[in-house]
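These are the residues of each chain, in order.
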Amino acid sequence: MLVHNLTKLEKMVLDYMNFSLVVPYSFLNLTISLKHLSLSNCGLQGNFPTQLFHLPYLQNIILSSNPDLIGYLPETNWSSPLSLLDVSGTRFSKGLPGSIDNLKHLKKLNLDSCVFTRSIPSSLGNLTKITFLDISGNMFQGQIPDVFGNLNDLSFMGFSSNNFSGLFPSLAFNLTSLTFMDFSSNFLRGTLPNNISGLSYLRELHLYANLLSGRVPGWLFSLQSLEYLDLHSNKLNGPIDPIQEANLVQLNLTILDLSSNNLSGNIKSCMLVKLKNLRSLDVSFNNLLSLTRSSNDVNSTLPMIIEFRFSSCNMQPFPSFLNASKSLQLLDLYNNQIHGSITK
């Protein structure tokens, strides 16, 4: 009621205030001139009125981190100038409506850790201006549609911890502006493509805890911007493709996790030390994977390595190329076939 007469109010930010006793329907008193509404972490409880999403000038609405707030997105007649929609950490439910493509100006959509179900509507692919998309931690079902062909401005994509199944949507690898991709903890199957045309700016790739099979393609290690690669707990098999150094540019990969797969063959130390910035390596629980010395081990080193995990594999010689790794703090070689001497 305090703001009911503020007919020209355009921006209201009430984050981190205690609204646990405020009835959400009281926000229907807000003026139609409102452009920005932020009610993050306010302890809101009960049903949020869907009518607010229809305010004619509303551009940003942030309701994040209100775990007792219930609601759903408009399913019909949803036309709005919204550019930012964030209901993460709430109990918003039902499905993502097919009318989502009416939000022609939407740039950021965050539905992380809600209780959305059903499947992803193909209309999501019509949001050509979107740059941030996170639907992680829900109960979305079915196969992920190939909705990525037109999302070339997308820089953040989070689809983890749902009930997605079917083939991995390989078209996601063609997104030219992507910096973060997370499809982890689903039931996605299929193989990683042999070549790609995008991902020039990708910094983090999380595909762990799926059913992906086939080889680990070499192009993953040649992405110049990639810093974090996590493929653990899949069904990847065969030898790891050789690591190719990028022309005149040092690779930036700092964390590499390929543990708990079915990888086999030899990793040569001279191939591994091409990753000069590597701080954490985990290839544990690949019981057919071995590490072999190279003739130039004396000149080989991982100068930045902090954690080196190679447990439950088929390593036989001790990895002497680690001798010059001055930052090493954790070395796990448990359950291998190591024999012979260990260097000082």
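Residues numbered from 1 in each chain as written. Predicted model: local features only at pLDDT ≥ 70, side-chain atom pairs only at ≥ 80, totals over all residues. Heavy atoms only, no water.

Comments concerning the overall build of the protein chain
Then step 1. Each helix and strand in the protein chain was counted, giving 1 helix and 24 strands.
Then step 2. Expressed along its principal axes, the backbone C-alpha trace of the protein chain runs to roughly 80 × 35 × 35 Å.
Then step 3. Split into buried and exposed, the 344 residues of the protein chain put 51% on the buried side.
Then step 4. Charged side chains of the protein chain number 22 positive and 21 negative; the gap between the two group centres comes to 3 Å. (Helix = DSSP H or I, 4+ residues; strand = E, 2+ residues; numbered from the N terminus. Buried < 20%, exposed > 50% of the residue type's maximum accessible area, 1.4 Å probe, protein only. Lys, Arg positive; Asp, Glu negative; His and termini not counted. Charge placed at Lys NZ, Arg CZ, Asp CG, Glu CD.)

Describing the environment of Gln 224
Then step 1. Within the fold, Gln 224 resides in the loop between strand S16 (211-214) and strand S17 (228-230).
Then step 2. Counting along the chain gives 168 residues from Gln 224 to Pro 56, while the straight-line C-alpha distance between them is 44 Å.

Re the state of the cysteines
Then step 1. Applying the stated rule across the entire model yields 0 disulfides.
Then step 2. Free cysteine Cys 270: the closest other cysteine sulfur is in Cys 313, separated by 18 Å.
Then step 3. Judged by its relative accessible area of 5%, Cys 313 is buried. (Disulfide = S-S within 2.5 Å.)

With respect to the sheet that holds strand S12 (residues 163-167)
Then step 1. Across the sheet, which stays open at both edges, the 7 strands sit in the order S10-S12-S14-S16-S18-S20-S22 with parallel pairing between neighbours. The sheet is open, and its two edges are formed by strand S10 (141-143) and strand S22 (288-292), each paired on a single side. Each strand of the sheet is rotated relative to its neighbour by a mean of 20°, with strand direction disregarded. (Pairing = 2+ DSSP bridges. Axes fitted to C-alpha atoms, helices over the stretch in contact; angles between N-to-C directions.)

So, the nonpolar core
Then step 1. Phe 92, Phe 148, Met 157, Met 181, Phe 183, Phe 308 and Phe 310 are the most contacted members of the largest nonpolar core, which has 97 residues in total.
Then step 2. Contributing elements (two or more residues each) for this core: strand S20 (262-268), helix H1 (269-272) and S22. (Core = buried A, V, L, I, M, F, W, Y, C linked by side-chain atoms within 4.5 Å.)

Comments concerning the environment of Pro 56
Then step 1. When you line up the elements, Pro 56 lands in the loop between strand S3 (45-47) and strand S4 (60-62).
Then step 2. Along the sequence, Pro 56 and Pro 317 sit 261 residues apart, while their C-alpha atoms lie 69 Å from each other.
Then step 3. For Pro 56, the contacting residues outside a window of four places in its chain are Ile 32 and Pro 81. (Contact = heavy atoms within 4.5 Å.)

A short note on the packing of aromatic side chains
How two aromatic rings sit relative to each other is set out by the distance from centre to centre and by the angle between their planes.
Then step 1. Following the criterion strictly, the structure yields 16 aromatic pairs and no others.
Then step 2. Note on Phe 19 and Phe 27: the rings are 6.3 Å apart at their centroids and 45° apart in plane angle, and the pair reads as tilted.
Then step 3. On the basis of relative accessibility, which here comes to 6%, the residue Phe 27 falls in the buried class.
Then step 4. Ring geometry for Phe 156 versus Phe 180: centroids 4.3 Å apart, planes at 0°, classification stacked. Here the residue Phe 156 occupies a position in strand S11 (residues 156-158), and Phe 180 occupies one in strand S13 (residues 180-182), the gap between them amounting to 24 residues.
Then step 5. Every member of this aromatic cluster is reached through a ring pair, and the members are Phe 116, Phe 140, Phe 159, Phe 164, Phe 168, Phe 173, Phe 183 and Trp 219.
Then step 6. Directly above the ring of Tyr 72 sits Lys 94, whose terminal nitrogen or CZ lies 3.9 Å from the centroid.
Then step 7. Sitting over the ring of Phe 132, Lys 108 keeps its end group 4.8 Å from the ring centre. (Phe/Tyr/Trp six-rings, centres within 6.5 Å; stacked < 30°, edge-to-face > 60°. Lys NZ or Arg CZ within 6 Å of the ring centre and 35° of its normal.)

Examining the sheet that holds S3
Then step 1. Spatially, 3 strands are ordered S3-S5-S7 in an open sheet, and the strand pairing comes out parallel. The open sheet terminates on both sides in strands that have one partner only, identified here as S3 and strand S7 (91-92).
Then step 2. The sheet contact formed by S3 and strand S5 (residues 68-71) spans 3 bridges and is parallel. When the bridges of S5 are listed, Asn 47 appears paired with Ile 70.

Here's the deal with the pattern of salt bridges
Then step 1. Scanning the model with the defined rule gives 5 salt bridges in all.
Then step 2. In this structure, Arg 215 engages Asp 241 in a salt bridge whose closest nitrogen and oxygen atoms are separated by 2.8 Å. Of this pair, Arg 215 sits in the loop between S16 and S17 while Asp 241 sits in the loop between strand S18 (235-238) and strand S19 (255-257), and the two are 26 residues apart along the sequence.
Then step 3. Here Arg 215 falls in the partly exposed class, since its relative accessible area comes to 42%.
Then step 4. Linking Arg 309 and Glu 307 is a salt bridge whose minimum nitrogen-to-oxygen distance equals 3.2 Å. (Salt bridge = Lys/Arg side-chain N within 4 Å of Asp/Glu carboxyl O.)

Observations concerning the pairing of strand S14 (residues 187-191)
Then step 1. Along S14, the buried face is formed by Leu 188 and Gly 190; none of Phe 187, Arg 189 and Thr 191, which line the opposite face, is buried.
Then step 2. In this structure, S12 lies alongside S14, joined through 3 bridges in parallel fashion. Bridge pairing in S14 links Gly 166 to Leu 188.

As for the confidence of the model for the protein chain
Should pLDDT be low for a region, the predicted coordinates there are not to be read in detail.
Then step 1. Summing up the model confidence of the protein chain, the mean pLDDT is 91 and the portion of residues at 70 or higher is 97%.
Then step 2. Least confident of the elements in the protein chain is H1, whose mean pLDDT is 83; most confident is strand S6 (residues 84-86), at 98. (pLDDT = per-residue confidence, 0-100.)

Describing unusual backbone geometry
Excluding glycine, most residues fall at negative phi; most peptide bonds, likewise, are trans.
Then step 1. Notably, Ser 65 is not glycine yet its phi reads approximately 60°, a positive angle.
Then step 2. Of note, Ser 65 is situated in the loop between S4 and S5.
Then step 3. Residues other than glycine seldom take positive phi values, yet Lys 94 does so here, at roughly 65°.
Then step 4. For Lys 94, the location among the structural elements is in the loop between S7 and strand S8 (108-110).
Then step 5. The exposure class assigned to Lys 94 is partly exposed, which follows from its relative accessible area of 32%.

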